Amino acid sequence: ITITFIMKLAIVFAALIASSMGAVFFEENFGAGWEDRWVQSTAKGDEAGAFVASAGKYFNDAEADVGIKTSTDARFYGLSAKFDEFSNKDKTMIASFVVKHEQDLDCGGGYFKLFPAGLDQAGMTGDS
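Rules used in this analysis
- Residues numbered from 1 in each chain as written.
- Predicted model: local features only at pLDDT ≥ 70, side-chain atom pairs only at ≥ 80, totals over all residues.
- Heavy atoms only, no water.
- Helix = DSSP H or I, 4+ residues; strand = E, 2+ residues; numbered from the N terminus.
- Buried < 20%, exposed > 50% of the residue type's maximum accessible area, 1.4 Å probe, protein only.
- Polar contact = N/O pair within 3.5 Å; in protein donor to acceptor, adjacent residues only side chain to side chain.
- Contact = heavy atoms within 4.5 Å.
- Salt bridge = Lys/Arg side-chain N within 4 Å of Asp/Glu carboxyl O.
- Patch = residues over 30% accessible without salt bridge, like charges linked within 9 Å, V, L, I, M, F, W, Y side chains within 5 Å.
- Areas by Shrake-Rupley, 256 points an atom, 1.4 Å probe, with all protein chains shown as cover.
- Phe/Tyr/Trp six-rings, centres within 6.5 Å; stacked < 30°, edge-to-face > 60°.
- Lys NZ or Arg CZ within 6 Å of the ring centre and 35° of its normal.
- Core = buried A, V, L, I, M, F, W, Y, C linked by side-chain atoms within 4.5 Å.

Draft legend 1. Seen up close, the side chain of S80. Relative to the assigned elements, S80 resides in strand β4 (residues 79-80). With relative accessibility at 6%, the residue S80 sits in the buried group. At a separation of 2.9 Å, a polar atom in the side chain of S80 contacts the side chain of Q121. Not counting chain neighbours up to four residues away, the residues in contact with S80 comprise R37, W38, V39, L119, Q121 and M124.

Draft legend 2. Layout of the side chain of E28. On the secondary structure map, E28 appears in the loop between α1 (3-20) and α2 (34-37). Classification of E28 by relative accessible area gives buried; the value is 17%. Reaching out from E28, the side chain makes a polar contact with the side chain of R37 at a distance of 2.9 Å. There is a polar contact of 2.9 Å between the side chain of E28 and the side chain of W38.

Draft legend 3. Representation of the pattern of salt bridges in the model. A complete count under the given rule lists 1 salt bridge for this structure. Its salt-bridge partner being E28, residue R37 comes within 2.9 Å of it at the nearest N-O pair.

Draft legend 4. View of unusual backbone geometry. A positive phi angle, near 55°, is found at F30, a position not held by glycine. Inspection of the secondary structure assignment puts F30 in the loop between α1 and α2. Backbone geometry at D90 places phi at a positive 65°, although glycine is not the residue there. Within the secondary structure, D90 sits in the segment after β4.

Draft legend 5. The arrangement of a nonpolar patch on the surface in detail. A surface patch of nonpolar side chains, about 720 Å² in accessible area, is lined by F25, F26, F83, M93, F97, V99, F112 and L114. Mapped onto the elements, V99 comes out in the segment after β4.

Draft legend 6. How the structure looks around the packing of aromatic side chains. Summed over all chains, the structure comprises 8 aromatic pairs. Across the ring face of F76, the terminal group of K44 is positioned such that the distance to the ring centre comes to 4.6 Å.

Draft legend 7. Up close: the nonpolar core. One finds F30, W34, W38, F51, L79 and A81 forming the largest nonpolar core, which totals 6 residues. Not counting residues up to four positions away in its chain, the partners in contact with W34 are E28, Q40, F51, V52, A53, I68 and L79.

Draft legend 8. Structural view of the environment of T42. With respect to the secondary-structure elements, T42 resides in the loop between β1 (39-40) and β2 (51-54). In sequence terms T42 and Q121 are 79 residues apart; their C-alpha atoms lie 8.9 Å from each other.

Shown next as structure tokens:
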């Protein structure tokens, strides 16, 4: 076995590893400045609530475990952030988010939607 063979093998191995790793197109941890990256919908007027940053009632590390939460009960909430255009054609796309429910809810829920680039973020509603 020559050094050249080992180097070629290492390059092929590195290329295989790199091609198997997925790309992250958007990630948010709601750290400092999150309000500048997100637009809260105002479409519901006085019935709209605002998200606020908080570690919540139960956390391990108050700074590291910060997320967002609703600030007022019985309000409508909408929040959106833009990200660069991408294509997942012929590739599997995985989208996920984490929810920690700390209050008793009579109704409600959490979900996310992927919108086209032209979304009116401030005017976003459940029908958008």
